[in-house]
Every structure is written in structure tokens, then in C-alpha cells.
Amino acid sequence: AQSVTQPDIHITVSEGASLELRCNYSYGATPYLFWYVQSPGQGLQLLLKYFSGDTLVQGIKGFEAEFKRSQSSFNLRKPSVHWSDAAEYFCAVGALPTASKIIFGSGTRLSIRP
Amino acid sequence: ETGVTQTPRHLVMGMTNKKSLKCEQHLGHNAMYWYKQSAKKPLELMFVYSLEERVENNSVPSRFSPECPNSSHLFLHLHTLQPEDSALYLCASSQEETGASEQYFGPGTRLTVT
């Protein structure tokens, strides 16, 4: 069975600074990897996903993530954060065949310092 | 706008009440899901429906009863709940019911059991 770990519970960065949120997964084969964002009082919104191919994935809102098989990681990055990026970020790993195989991490809460 | 709506957005109910949560997706998807999101806990998958048939029931207490009358609508019927059932209940949908499918989430129903 697969698993996913987000080591950082809470991160604070200054507005305009770069951001990297960590995600580590455990799975025997190539997983399906997702990053979702949840703003306060809202549901989760997909930022980006990785299935195969180019290991650097571009998403919405200026986010990108890099799949590193050797490190079992799928870290989310943004070169310059905006105050509106303050939210909870969830990494998820999926495996075939069924959706019940999708496992979400515990989330990382991002705060932005003015 | 994610295309998945949930009503009500907030619900306060006593332990002896019966209430229902409603979810509707406008995306033409074949699969729908109920998740429970509690503070400081990972997202918990409760039920999965594919083409209106329940395909997953993750050991959820019988006081939660799902219903999927068609591929666009999903209900969660609640009765004799406990205070520990207070949480954000999220509905999601995806094109297919697989671990590779990105899910689209509604804004959730914030449930408080008194």
C-alpha cells in the first residue's frame, strides 16, 4: 500500500520569497501524484498532477513540482509567494486500480508574512 | 467555481436529529466521493460511488448512510450522530473511479453535533 508524508505542519514565508513544500511518498511502482490547495472555508482545488513523462510539472497559480524517483519526493515550489497563497496544501498519491487507493497527506499550512 | 456544489454549507444538529447533506456535480463525471476532514487529521475517504453504484465503504459507522440517485447527485443521510462526528464533510467527483483521476471538490459542509 502507498503512503504519503508531508513533514512540515506549518510554514511561514515572507511575501515575495520563494517557497518549497515537501512531500515524500512510498509506493512500489510509479505513483500518480497530486498537489491540492485548500483556502479557509473552501474545498480542495487541484494545483497540479504528475503521471509520467517530464518530471517537472507546471500547475496553476504559478506553482510547479518536481518528481524525484530516487528521493521518493514530489516537492511543490513557487518562486515568489503572494499573500493570497496563504492556505493549506495537500499532497496526494494515487495508485491503480481504484480511487480508494488515493491517499492524502496531513497537509502543510502556509502563512505569509507581510 | 469547481463545478461541485454542496448544501448546506453549515449545519448544527443534536444527537437525536436526522439531517441530510447534498452534493451536486455539474461536470459530467462518473464517480463521486464523500470525505471527512477533521482538525489535525488526514482526509478520510468515507464512500465512493461509480456510475451510481457504491464501490467503497471504508468502515464508516451506520449512522452515516449515503445515497446516489444518479451520477450528478450524492447525499449523506445522518442520524443519531456523536459529537466526534463534528467535522467538515467534503464531496468530490472525478471522471472515472481510479487512483489516477484528479478529483474536484465542493466547498464542504461544516457539521457541528451538539
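All residue numbers refer to position in the chain's written sequence, counted from 1. Throughout, the order in which chains and ligands are written sets their labels, letters from A for the former and numbers from 1 for the latter. A pLDDT threshold of at least 70 governs which residues receive local features in this predicted model, and a stricter bar of 80 or more applies before side-chain atom pairs are shown or counted, although totals over entire chains, interfaces and linings include all residues. Note that water and hydrogens are dropped before the side-chain values are worked out from all heavy atoms of the structure.

A.B. asks: I keep staring at the overall build of chain A and nothing clicks. Help me out?
C.D. replies: Assigned secondary structure in chain A consists of zero helices and twelve strands. Walking chain A from its N terminus toward its C terminus, one meets helices and strands in the order β-β-β-β-β-β-β-β-β-β-β-β. The reference for a compact globule is 2.2 Å times residues^0.38; the radius of gyration itself is calculated from the C-alpha atoms. Its C-alpha atoms give chain A a radius of gyration of 14 Å, within 12% of the compact-globule value 13 Å for 114 residues. Dimensions of chain A along its principal axes, counting C-alpha atoms only, are 45 × 30 × 20 Å. Think of it in three bands: with a 1.4 Å probe and only protein chains considered, a residue is buried below 20% of the maximum accessible area for its type, exposed above 50%, and partly exposed in between. Looking at chain A as a whole, 47% of its 114 residues are labelled buried. Once local pairs closer than 6 in sequence are excluded, the contacts in chain A between residues at least 24 apart make up 53%. When the accessible surface of chain A is summed, it comes to about 5300 Å², and 50% of that surface belongs to carbon and sulfur atoms. Considering chain A, the positive charge centre built from 10 side chains and the negative charge centre built from 8 side chains are found 5 Å apart. Think of it this way: any DSSP run of H or I at least four residues long counts as a helix, any run of E at least two long counts as a strand, and we number them from the N terminus. It only takes one pair of heavy atoms within 4.5 Å for two residues to be counted as in contact. To be clear on the numbers: accessible area is Shrake-Rupley with a 1.4 Å probe, and residue cover counts the displayed protein chains and nothing else. Counted as positive: Lys and Arg. Counted as negative: Asp and Glu. His and the chain ends are not counted at all. Charge placement uses NZ in Lys and CZ in Arg. For Asp and Glu, CG and CD serve respectively.

A.B. asks: Would you mind showing me how to read the nonpolar core here?
C.D. replies: Note that soluble globular proteins tend to have their nonpolar side chains buried in a common cluster. Nonpolar cores were defined as sets of buried Ala, Val, Leu, Ile, Met, Phe, Trp, Tyr and Cys residues, with membership established by side-chain atoms within 4.5 Å. Ranked by size, the top nonpolar core spans 26 residues in total, and within it Leu 19, Trp 35, Leu 47, Leu 48, Phe 74, Leu 76 and Tyr 89 of chain A carry the most contacts. Breaking this core down by element, the ones donating at least two residues are strand S2 (10–14), strand S3 (19–21), strand S5 (32–38), strand S6 (44–50), strand S8 (64–68), strand S9 (73–78), strand S10 (87–94) and strand S12 (108–113) of chain A. Looking at which element gives the most residues to this core, the answer is S10 of chain A, with four residues. If we ignore the near neighbours within four places in the chain, the residues touching Leu 48 of chain A are Leu 33, Phe 34, Trp 35, Val 57, Gln 58, Gly 59, Phe 63, Glu 64, Ala 65, Phe 74 and Leu 76 of chain A. Counting residues in hydrophobic clusters, the runner-up holds 22 residues, among them Met 46, Phe 47, Tyr 89 and Val 113 of chain B.

A.B. asks: I keep staring at the sheet that holds strand S8 (residues 73–79) of chain B and nothing clicks. Help me out?
C.D. replies: Pairing between sheet strands relies on hydrogen bonds along the backbone, with the strands arranged either parallel or antiparallel. Residues and elements named next belong to chain B. Reading across the sheet, the four strands line up as S1-S3-S8-S7 and stay open at both edges, with antiparallel pairing between neighbours. Of all the strands in the sheet, just strand S1 (4–7) and strand S7 (64–70) have a single pairing partner and so form its edges. Shown here is a sheet whose adjacent strand axes are inclined to one another by a mean of 20°, direction ignored. Two strands qualify as a pair provided that DSSP identifies no fewer than 2 bridges between them. Taken together, the seven bridges between strand S3 (residues 18–25) and S8 define a ladder with antiparallel strand orientation. Along S8, the bridge assignment pairs Lys 18 with His 79. Working convention: axes come from line fits to C-alpha atoms, limited for helices to the stretch in contact. Angles between N-to-C directions cover 0 to 180 degrees.

A.B. asks: How should I be thinking about the pairing of strand S2 (residues 10–13) of chain B in this particular structure?
C.D. replies: Regular strands show a simple pattern: their side chains alternate between the two faces of the sheet. Residues and elements named next belong to chain B. In S2, alternate side chains face the same way, and those of Leu 11 and Met 13 are buried while those of His 10 and Val 12 on the opposite face are not. Bridge count for S2 against strand S11 (residues 109–113) is four bridges, and the pairing is parallel. Within the sheet, the bridge partner assigned to His 10 lies in S11 and is Arg 110.

A.B. asks: How do you make sense of the packing of aromatic side chains when you look at a structure like this?
C.D. replies: How two aromatic rings sit relative to each other is given by the distance of their centres and the angle of their planes. Residues and elements named next belong to chain A. Only centres within 6.5 Å qualify two rings of Phe, Tyr or Trp (six-membered ring in Trp) as a pair; their planes then separate them into stacked at under 30 degrees, edge-to-face at over 60, and tilted for everything else. Taken as a whole, this structure holds 14 aromatic pairs over all chains when the rule is applied. Ring geometry for Tyr 36 versus Phe 104: centroids 5.6 Å apart, planes at 50°, classification tilted. Taken together, the positions of Tyr 36 in strand S5 and Phe 104 in strand S11 (residues 103–104) put the pair 68 residues apart, joining distant regions of the chain. For Phe 104, a relative accessible area of 5% translates into the label buried. For the pair Tyr 50 and Phe 67, a centre-to-centre distance of 4.5 Å together with 25° between the ring planes defines the contact as stacked.

A.B. asks: I would appreciate a short explanation of the side chain of Glu 102 of chain B in the present structure.
C.D. replies: Take Glu 102 of chain B: it is sitting in the loop between strand S9 (87–94) and strand S10 (104–105). Looking at Glu 102 of chain B, the relative accessible area reads 16%, which means it is buried. In protein, a polar contact means a hydrogen-donor-capable atom and an acceptor-capable atom, both N or O and within 3.5 Å, with residues adjacent in sequence counting only if both atoms are side-chain atoms; elsewhere, any N or O pair within 3.5 Å suffices. A distance of 2.8 Å separates a polar atom in the side chain of Glu 102 of chain B from a polar atom in the side chain of Tyr 104 of chain B. In this structure Glu 102 of chain B touches Phe 34, Tyr 36, Leu 46 and Lys 49 of chain A together with Ser 93 and Ser 94 of chain B, once residues within four positions along its chain are discounted.

A.B. asks: Explanation requested: the pattern of salt bridges in the structure shown.
C.D. replies: Should the charged atoms of two oppositely charged side chains come close, the side chains can pair. When a carboxyl oxygen of Asp or Glu is within 4 Å of a side-chain nitrogen of Lys or Arg, the pair counts as a salt bridge. Summed over the entire model, instances satisfying the criterion amount to seven salt bridges over all chains. Here Arg 77 of chain A ties to Glu 64 of chain A by a salt bridge, and the two come within 3.2 Å at their closest N and O atoms. With Arg 77 of chain A in strand S9 and Glu 64 of chain A in strand S8, the pair connects residues that are 13 residues apart, well separated along the chain. The partner of Asp 85 of chain B in a salt bridge is Arg 63 of chain B, and the shortest N-O contact between them spans 2.7 Å. You can see Asp 85 of chain B sitting in the loop between S8 and S9 and its partner Arg 63 of chain B sitting in the loop between strand S6 (53–57) and S7, a full 22 residues away along the chain. Exposure class is identical for Asp 85 of chain B and Arg 63 of chain B. Each is buried. Taken together, the salt bridges that share partners define one network made up of Glu 64, Glu 66 and Arg 77 of chain A.

Remember, this is a structural readout, not a statement about activity or role.
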